[in-house]
Amino acid sequence: MPPPVVATGGRHASRQSGENMYQERQNLQGGSGAAKARTEVDRGYAVRALVLQGGGALGSYQGGVYQGLAEAGIEPNWIAGISIGALNAAILAGNAPEHRVTRLREFWEHICRQPWLPSLVPYDSIAETAQHWPDPLRIWFDGIEAARALVEGQRGFFSPRLWPVPFAQSAGAHSASYYDTRPLKATLERFADFDRINHHAEMRVSVGAVNVRTGNFVYFDNTRTTLRAEHFMASGALPPGFPAVEIDGEFYWDGGMVSNTPLSAILKAKPRRNALIFQVDLWSAHGPLPENLVSVATRQKDVQYSSRTRFITDYMNEQQNFRRMLSDVLALVPPARRDSEAFQRAAENACDARRNVIQLIYRDKSYEGSAKDFQFGPLTMNEHWASGLEDIRGTLLHPEWLAMPTHENPFVTHDIHRRYADIGQ
């Protein structure tokens, strides 16, 4: 079942107002908002990509974003993921479109339960009241959940190794970690059909990882290799918590160690084509100045894993404008001179493709701290999912944002949160 949108007072009232805004705008549009958005998507975009950043427990935010896209009838034909984004990519690509939201929801409900002790609190009964708790009480509750993840692991995801296995001199690359991720293989194979991932041309899949021996960043892609559960596990093998994953004799770690946002995989792909890219980030590069060690740890993670998203988009904007200008200049060359080697070299770099990047960036709750990426409790999972759903619904209230960029401005970005900041909301 898709998660309900949380509707409560206090600091969560914006969730309700977001839902009301969505319904009111849909009513004003005669229920055609989603149809208008889908029409814009269908106009000339050869690539409809979903880019999923790494961020551990925050990854359920991406589930809410995908649910909103599915509601609007917008289906990606390329998914690129890193770490938890790679795991979400496996579930989405490994299921038929009509089952993706349900199966992704089931995956998150499965891994967001601790495997050993019964839950300390009956979540179903506190789900309504916990939204009203003051921040200090909520911080305490979430701290317990994060501590349980460290001590117990997460069902179907990772389990702690017996002490002192991680420190044994002969542990080997498969065991040199605090946690064992072998349960994740069975979970991925349960929720994703890897035959579908590898043999259905409807969706391209790319997941990033780092070769432990060479330090090189690589993308595993279903257009070049047969993807198995291990490829997705490798993308999320963050040391020292998780062990390196062996693939064809080489060992790989989490791709987020080098680049936590696989946006460049889409933008640099050849041939260069018109692309609409929904980039779903779990870490915000912008944030408050930390005033204590706890907030320093939180801010450090935000800066480290946001992967300079704005820098990448600014750089690619500059590059695409250069390629478009080069294409315009080459059009002025007389046909009789176009056989020259210089012209051919220039033509290889000229491009008139249009790129539209729709950014959806998770915004921290006031009570979240540095443990937010391993706080897998069901309550926070629901909140993250609902935040993603609210953000994509708000984004799709502006179908004009999905329109094809112009020749004069071939690379554009949109971010609903940045828009609100710009207008002072």
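All residue numbers refer to positions counted from 1 along the written sequence of the respective chain. Two thresholds apply to this predicted model, a pLDDT of at least 70 for residue-level local features and 80 or more for giving and counting side-chain atom pairs, whereas whole-chain, interface and lining totals are computed over all residues. The side-chain values count all of the structure's non-hydrogen atoms but skip hydrogen atoms and water molecules.

> Is there a simple way to think about the overall build of the protein chain in this case?
When helices and strands are counted, the protein chain shows 16 helices and 11 strands. Exposed residues in this analysis have more than 50% of their type's maximum accessible area, buried residues have under 20%, and partly exposed residues fall in between, with area computed by a 1.4 Å probe over protein chains only. Here the protein chain holds 425 residues, and 52% of them are scored as buried. We call two residues in contact when some of their heavy atoms are within 4.5 Å. Across the protein chain, every contact between residues at least 6 apart in sequence was considered, and the portion connecting residues at least 24 apart equals 77%. Using a 1.4 Å probe, accessible areas were evaluated by the Shrake-Rupley method; residue-level cover was limited to the displayed protein chains. For the protein chain, the exposed surface amounts to about 19200 Å²; the carbon and sulfur share of it is 56%. A run of H or I in DSSP becomes a helix once it reaches four residues, and a run of E becomes a strand once it reaches two; helices and strands are each numbered from the N terminus.

> Got a minute to help me understand the nonpolar core in this structure?
Most often, soluble globular proteins keep nonpolar side chains buried together rather than apart. Here, the term nonpolar core denotes a set of buried Ala, Val, Leu, Ile, Met, Phe, Trp, Tyr and Cys residues that are joined through side-chain atoms within 4.5 Å. Formed by 67 residues in total, the largest nonpolar core has its most connected members in Leu50, Trp108, Leu188, Phe232 and Phe278. By residue number, the principal contributor to this core is helix α4 (residues 84–93), which donates eight residues. With residues up to four places along the chain from it excluded, the contact list for Trp108 reads Gly56, Ala57, Gly59, Ser60, Ile84, Asn88, Phe376, Met381 and Trp385. Counting residues in hydrophobic clusters, the runner-up holds 15 residues, among them Val51, Ile277, Ile312 and Val357.

> I would appreciate a short explanation of the environment of His407 in the present structure.
As for its position among the elements, His407 is in the loop between α15 (378–396) and β11 (411–415). Distance from His407 to Arg354, taken between C-alpha atoms, is 7.5 Å for residues 53 residues apart in sequence. Each residue touching His407, except ones within four places of it in the same chain, is listed here: Arg324, Asp328, Asp352 and Arg354.

> Help me understand the environment of Thr413, please; the structure alone is not making it clear to me.
Note that Thr413 resides in strand β11. Spatially, the C-alpha atom of Thr413 lies 9.8 Å from that of Leu402, the residues being 11 residues apart in sequence. Not counting residues up to four positions away in its chain, the partners in contact with Thr413 are Thr313, Val357 and Arg418.

> Can you help me understand the side chain of Asn260 in this one?
Turning to its location among the elements, Asn260 is positioned in the loop between β8 (250–254) and α11 (263–267). The class of Asn260 is buried, set by a relative accessible area of 2%. In the analysis that follows, any N or O atom pair within 3.5 Å is treated as a polar contact, provided that within protein one partner can donate a hydrogen and the other can accept it, and provided that, for residues neighboring in sequence, both atoms belong to side chains. From its side chain, Asn260 meets the backbone oxygen of Gly54 in a polar contact 2.9 Å long. From its side chain, Asn260 meets the backbone oxygen of Tyr305 in a polar contact 3.0 Å long. Other than its neighbours up to four places away in sequence, Asn260 contacts Gln53, Gly54, Ile82, Gly255, Trp283, Tyr305 and Ser307.

> What's the story with the pattern of salt bridges in this structure? I'm lost.
If the charged atoms of two oppositely charged side chains come close together, the side chains can form a pair. Definition used for salt bridges: Asp or Glu carboxyl oxygen within 4 Å of a side-chain nitrogen of Lys or Arg. In this structure the tally under the stated criterion is 22 salt bridges. Where Arg105 meets Glu109, a salt bridge forms, and the shortest distance between an N and an O atom there is 3.1 Å. One end of the pair, Arg105, and the other, Glu109, are both in helix α5 (residues 100–111), four residues apart, so they sit about a helical turn from each other. Take Arg105: its relative accessible area is 5%, and that puts it in the buried class. Each member of the salt-bridge network shares a partner with another, and the members are Glu75, Arg100, Arg196 and Glu202.

> Sorry if this is basic, but what is going on with the packing of aromatic side chains here?
How two aromatic rings sit relative to each other is set out by the distance from centre to centre and by the angle between their planes. Here the aromatic set is Phe, Tyr and Trp, taking the six-membered ring for Trp, and pairing holds for ring centres within 6.5 Å; pairs whose planes are under 30 degrees apart are stacked, those over 60 apart are edge-to-face, and all others are tilted. Scanning the entire structure with this criterion turns up 16 aromatic pairs. Ring geometry for Phe157 and Phe158: centres 5.1 Å apart, planes at 70°, overall edge-to-face. When its relative accessible area of 6% is taken as the criterion, Phe157 is described as buried. Note on Phe158 and Phe242: the rings are 5.2 Å apart at their centroids and 50° apart in plane angle, and the pair reads as tilted. Separated by 84 residues along the polypeptide, Phe158 in the loop between α7 (135–152) and β3 (159–160) and Phe242 in the loop between α10 (229–235) and β7 (245–247) bring together distant segments of the chain. Taken individually, Phe158 and Phe242 each receive the classification buried, so the pair is uniform in this respect.

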